[in-house]
Amino acid sequence: MTKPPHQLLKPIACLGAALSLSALAALPGVAIPRLNLTGYPEPAPGLKRWVIQPSGLLPKSTDPLISAHPIDWRIQLIVGQTVRLDCNTKRLSGSGMTMRMLPKASGKALFEVKGPVAVISTKMACPDDQPTRTTFLPLGNQPYLVPYNASWPIVVDLPENVQMRWRIWKAETLQQNAVKL
């Protein structure tokens, strides 16, 4: 017995953006945005291309205070590097992310981090018995947010030693009054 289409989509909605497009392609009746990189130039030498294709099938929040409208959502681009931490303070140093509009790609943008990204650290002697841990260090202190649009991919060119992560931000539905002075 076949399940109705809305029941087929329930497992997908639960997994949300964590599912890869290849896993979604195997399920019947699921709309998948096409990855179209027409108009994007090749990455500059020394840069590697990362692509995020937002899904059009994200789970709706059960919380009425969280907006269910993609117009209220943003995608945070997190550029960083996985490093081994000890007692020293470490952070990434490098040029920030830039965005350039592509005239041949009908309003699409290319995000880039040009130049080297390096780990800088204090140089304290750590106790021998202190454990180390692996963590992801982000580049920069402020979140880099772009509008959520399932129709267009987000294309980011980064130096070879850098990784790309992302997450979705959803706005509250509650609007608050500002104080007029």
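Residues numbered from 1 in each chain as written. Predicted model: local features only at pLDDT ≥ 70, side-chain atom pairs only at ≥ 80, totals over all residues. Heavy atoms only, no water.

1. A word on the sheet that holds strand β5 (residues 109–112)
Spatial strand order, β1-β9-β5-β4: four strands in an open sheet with mixed pairing. With partners counted over all chains shown, the strands left at the sheet margins are β1 (47–52) and β4 (98–101), one partner each. Along the sheet, successive strands turn relative to each other by an average axial angle of 25°, direction set aside. (Pairing = 2+ DSSP bridges. Helix = DSSP H or I, 4+ residues; strand = E, 2+ residues; numbered from the N terminus. Axes fitted to C-alpha atoms, helices over the stretch in contact; angles between N-to-C directions.)

2. Observations concerning the packing of aromatic side chains
As enumerated under the stated definition, the model contains two aromatic pairs in all. Ring centres 5.1 Å apart and planes at 75° place the aromatic pair Trp 73 and Tyr 148 in the edge-to-face group. In this pair, Trp 73 sits in strand β2 (residues 73–85) while Tyr 148 sits in the loop between β8 (144–147) and β9 (154–159), placing the two residues 75 residues apart along the sequence. Side by side, Trp 73 and Tyr 148 carry an identical accessibility label, which is buried. With 5.9 Å between their ring centres and 85° between their planes, Phe 111 and Tyr 144 make a pair best called edge-to-face. Of the two residues, Phe 111 sits in strand β5 while Tyr 144 sits in strand β8, which places them 33 residues apart along the sequence. Overall, the relative accessible area of 5% leaves Phe 111 in the buried class. Since its relative accessible area comes to 26%, Tyr 144 is described here as partly exposed. When the ring centre of Phe 136 is taken as origin, the NZ or CZ atom of Arg 165, which lies over that ring, is 3.8 Å away. A cation sits over an aromatic face here: Lys 170 above Trp 73, 4.4 Å from the ring centre. (Phe/Tyr/Trp six-rings, centres within 6.5 Å; stacked < 30°, edge-to-face > 60°. Buried < 20%, exposed > 50% of the residue type's maximum accessible area, 1.4 Å probe, protein only. Lys NZ or Arg CZ within 6 Å of the ring centre and 35° of its normal.)

3. Examining the side chain of Ser 67
Within the secondary structure, Ser 67 sits in the loop between β1 and β2. The class for Ser 67 is buried, based on a relative accessible area of 3%. Side-chain polar atoms of Ser 67 contact the side chain of Asp 72, separated by 2.6 Å. Apart from residues lying up to four places away in sequence, Ser 67 is in contact with Asp 72, Trp 73, Lys 170, Ala 171, Glu 172 and Thr 173. (Polar contact = N/O pair within 3.5 Å; in protein donor to acceptor, adjacent residues only side chain to side chain. Contact = heavy atoms within 4.5 Å.)

4. Structural notes on the pattern of salt bridges
Scanning the model with the defined rule gives three salt bridges in all. As a salt-bridge pair, Arg 100 and Glu 112 come within 3.3 Å of each other at their nearest N and O atoms. Highlighted residues: Arg 100 in strand β4 and Glu 112 in strand β5, separated in sequence by 12 residues. The class for Glu 112 is buried, based on a relative accessible area of 4%. Of the charged contacts, one joins Lys 114 and Glu 112 as a salt bridge, the two residues approaching to 3.8 Å between their closest N and O atoms. (Salt bridge = Lys/Arg side-chain N within 4 Å of Asp/Glu carboxyl O.)

5. Digging into the environment of Phe 136
Tracing the backbone shows Phe 136 in strand β7 (residues 133–138). Since its relative accessible area comes to 15%, Phe 136 is described here as buried. Distance from Phe 136 to Gly 80, taken between C-alpha atoms, is 6.5 Å for residues 56 residues apart in sequence. Not counting the four nearest positions on each side in its chain, Phe 136 is found in contact with Ile 78, Val 79, Gly 80, Gln 81, Thr 82, Gln 163 and Arg 165.

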